[in-house]
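What follows is each chain in one-letter form.
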Amino acid sequence: THFGYQEVPEPEKETRVRRVFSSVAGSYDLMNDLMSLGIHRLWKRFTVDLARPRPGQAVLDLAGGTGDLAALMYRRVQPHGRIVVSDINPDMLAVGEKRLADKGMLAGVEFVEANAEELPFPDRSFDLVTLAFGIRNMTHPERALREIHRVLKTGGRVLVLEFSHPRWPGLQSLYDLYSFNILPRLGELIAKDRESYQYLVESIRRFPDQETFRAMMEEAGLARVDVHNLSGGIVAIHRGFRF
Ligand code: SAM
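This structure is a prediction, so every number in the text was calculated from the model and none was measured.

1. Considering the site of the ligand
Stage number 1. Near the ligand lie 19 residues; those nearest to it are Ala63, Gly65, Asn89, Ala116 and Ala132.
Stage number 2. Considering only residue class, the shell around the ligand consists of nine nonpolar, seven polar and three charged.

Structure follows, in structure tokens:
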């Protein structure tokens, strides 16, 4: 693409992503905690703090399968708030629905199976869109960004939490060691699924860096885009607004 990163051929990528997430759905939470040493919880908390959901607002959590962000935002949008958790994979959505049900957080929450590249929502329907660790799995991230822009109300904001490229000197080689040696082994040991975790590592490598992704958000029409690097840039939050 003109953003200079390689895409896997389309139907292949979509099938692969579907298979990966159906395969890992059951062990996903445990693996998330192990892989990030629990730090993904802090990254998600930080994202929600930055997103500042407010009572009564309409929030869309895209690729929200696990329900993690929805659970963190739930009390902040109540009373009268609305949270839509949307994901392309029904197995992942089922994980999220169960989590929210266990927490007694189903009132005002909807679960919608949909491709983020073609959202079934009217224009300008959400105050806030969140998207955590999902966009790098999409075949056309630029289409998803345009859809996000379309469904945001004027003055609404989007926060994209995603793996990015380490910024601290020395961190990259440590991170490489972890990604190429430890992580696939953990995948094999815990989830009995080395291939899926290998795929996750590759998809992180291929994903555009902070500045490239910022440009993609701006190209989709989002304004005042800023970037917050977390854990030395291992992950980054890109925030943008619709005006
Ligand atoms: N947001 C959750 C979290 O942070 O715990 C789940 C992240 S999980 C790594 C990535 C999710 O993206 C999966 O549930 C997958 O089904 C979903 N996904 C992948 N491609 C998608 C697409 N085109 N549209 C919507 N969801 C998609």
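Picking up where we left off.
2. Description of the environment of Lys153
Stage number 1. Relative to the elements of secondary structure, Lys153 occurs in strand S5 (residues 152-163).
Stage number 2. Setting aside its immediate chain neighbours within four residues, Lys153 contacts Arg124, Phe126 and Asp127.

3. Quick word on the sheet that holds strand S4 (residues 126-132)
Sheets are built from strands that pair by backbone hydrogen bonding, the pairs being arranged parallel or antiparallel.
Stage number 1. In space, the seven strands of this open sheet follow the order S3-S2-S1-S4-S5-S7-S6, with mixed pairing throughout. In the strand order of this sheet, the two ends are held by strand S3 (109-113) and strand S6 (223-230), each with one partner. Recorded for the sheet is a direction-independent mean angle of 15° between the axes of neighbouring strands.
Stage number 2. Judged from the seven bridges that link them, S5 and strand S7 (residues 235-241) form a sheet pairing that is antiparallel. Across the sheet, Glu162 pairs through a bridge with Ala236, a residue of S7.
Stage number 3. Helix-sheet contacts for helix H5 (residues 90-102) involve strand S2 (82-87) and S3, and the interaxial angle to S3 is about 170°.
Stage number 4. Each of strand S1 (58-62), S4 and S5 touches helix H6 (residues 141-151); the most contacted strand, S5, lies at about 150° to it.

4. Observations regarding the pairing of S1
Stage number 1. Within S1, five of the five residues are buried, which leaves it mostly tucked inside the rest of the structure.
Stage number 2. Pairing of S1 with S2 involves five bridges; the strand directions are parallel. Bridge pairing in S2 links Asp61 to Val85.
Stage number 3. A crossover connection joins S1 to the parallel S2 through helix H4 (residues 68-77); in handedness this β-α-β unit is right-handed.
Stage number 4. Pairing between S1 and S4: four bridges, direction parallel. Counted as the bridge partner of Asp61 is Thr130 from S4.

5. Some points on the packing of helix H2 (residues 28-36) against helix H7 (residues 171-191)
Stage number 1. Relative to each other, H2 and H7 sit at 145°, their axes nearing to 11 Å. When the axes of H2 and H7 are compared, the crossing they make is right-handed. Where H2 approaches H7, its residues Leu30, Met31, Leu34 and Met35 are matched on the opposing element by Leu183, Leu186, Ile190 and Ala191.
Stage number 2. Its residues placed into classes, the contact of H2 with H7 shows eight nonpolar, no polar and no charged.

Cut-offs and rules
- Residues numbered from 1 in each chain as written.
- Predicted model: local features only at pLDDT ≥ 70, side-chain atom pairs only at ≥ 80, totals over all residues.
- Near = placed C-beta within 6 Å.
- Nonpolar A, V, L, I, M, F, W, Y, C, P; charged D, E, K, R; others polar.
- Helix = DSSP H or I, 4+ residues; strand = E, 2+ residues; numbered from the N terminus.
- Contact = placed C-beta atoms within 7 Å.
- Pairing = 2+ DSSP bridges.
- Axes fitted to C-alpha atoms, helices over the stretch in contact; angles between N-to-C directions.
- Buried ≥ 20, exposed ≤ 12 C-beta atoms within 10 Å, placed from the backbone.
- Right-handed = clockwise from strand over helix to strand, strands pointing away.
- Left-handed = near helix turned anticlockwise from the far one by under 90°.

Geometry only, nothing functional implied.
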